[in-house]
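# Commentary on secondary and tertiary structure
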Amino acid sequence: MSVGHYRTERLGSHSVIRIDYRLPSGYLAISPQLLFGSRTLYFPKTGFKPIALQQKEARLRTLFEKGRSLHQMGELGPARDVYQSILNEAPAHFDAMHLLGVVCAQSGEHSLALDLFSRAIAINSRDPVTHNNLGNARAALRDWTGAVQSYEQAIKLDFQYALAYFNRGIAQEELGHLELALGSYQKAIHIDPTYVQA
């Protein structure tokens, strides 16, 4: 929803602020928020989020940031618990699903990581990092052909994704496709010279 504009009206003895929004479809909608002094009344309508839903989303964002902070500090167990608690409440939470998969991969649970990355992609197929991580899980399970497919999907979404090119090269080398692997390594180095280790 794009930013709208305000107008003040009279409703009985109260001053009422209405917020007009232009929706992406071009239709004009009136916000269901009516502000009476310091008190806000919410009248949820189709296309608008009730205050309870907004509060839930805010709480889940705070919880997710806690989990990510624990994860960054290497506290995999507590981070896992936080991500799982988010998914128990919001099963389609993409970020929690993805990072729970990362925790599992870091813990050596590659089959579970593969399942979580696949489920995350079903929620949002446009994130190249998740495709790369799915490739890593497949590679850990020695599914090199599947790994190449995942890395190529990541590259399709981000042509400058050096790590995906590098990982594709490893998988291609494992498959015996040495010329293709060399091309992948060269592409990774061209994008990011730190990949000279390839």
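Quick notes on the rules
Residues numbered from 1 in each chain as written. Predicted model: local features only at pLDDT ≥ 70, side-chain atom pairs only at ≥ 80, totals over all residues. Heavy atoms only, no water. Axes fitted to C-alpha atoms, helices over the stretch in contact; angles between N-to-C directions. Helix = DSSP H or I, 4+ residues; strand = E, 2+ residues; numbered from the N terminus. Parallel < 35°, antiparallel > 145°, perpendicular 65-115°, else oblique. Left-handed = near helix turned anticlockwise from the far one by under 90°. Contact = heavy atoms within 4.5 Å. pLDDT = per-residue confidence, 0-100. Core = buried A, V, L, I, M, F, W, Y, C linked by side-chain atoms within 4.5 Å. Buried < 20%, exposed > 50% of the residue type's maximum accessible area, 1.4 Å probe, protein only. Phe/Tyr/Trp six-rings, centres within 6.5 Å; stacked < 30°, edge-to-face > 60°.

Attention now moves to the packing of helix 1 (residues 51–72) against helix 2 (residues 76–89). At a minimum axis separation of 7 Å, helix 1 and helix 2 run at an interaxial angle of 160°. By the criterion of interaxial angle, the relationship of helix 1 to helix 2 is roughly antiparallel. Along this stretch, helix 1 crosses helix 2, giving a crossing that reads as left-handed. Residue-level inspection shows K56, R59, L60, L63, F64, G67, R68, L70 and H71 of helix 1 in contact with helix 2, the latter providing L76, P78, A79, V82, Y83, S85, I86 and E89.

Per-residue confidence for the protein averages 81 on the pLDDT scale, and 74% of its residues sit at or above 70. Taken element by element, the protein is modelled with least confidence in strand 3 (residues 28–30), mean pLDDT 33, and with most confidence in helix 6 (residues 144–157), mean pLDDT 98.

Attention shifts here to the nonpolar core. One broad trend across soluble globular proteins is that nonpolar side chains are buried collectively. Ranked by internal contacts, the top residues of the largest apolar core, which has 24 residues, are Y83, I86 and F117. Elements that contribute at least two residues to this core include exactly helix 1, helix 2, helix 3 (94–106), helix 4 (110–123) and helix 5 (128–140). The leading source of residues in this core is helix 3, at eight residues. Sequence-distant contacts of F117, defined by excluding residues within four places in its chain, comprise H98, G101, V102, T130, N133, L134 and A137.

Let's shift gears to unusual backbone geometry. In this structure, R142 is a non-glycine residue whose phi angle is positive, near 65°. Here R142 is to be found in the loop between helix 5 and helix 6.

Counted under the stated rule, the structure contains three aromatic pairs. With 5.7 Å between their ring centres and 50° between their planes, F166 and Y185 make a pair best called tilted. Of this pair, F166 sits in helix 7 (residues 162–174) while Y185 sits in helix 8 (residues 178–191); the two residues are 19 residues apart in sequence, bridging distant segments of the chain. Per residue, the accessibility class of F166 equals that of Y185, and both read buried. Feature note: the residues F166, Y185 and Y195 constitute an aromatic cluster, connected by ring pairs.

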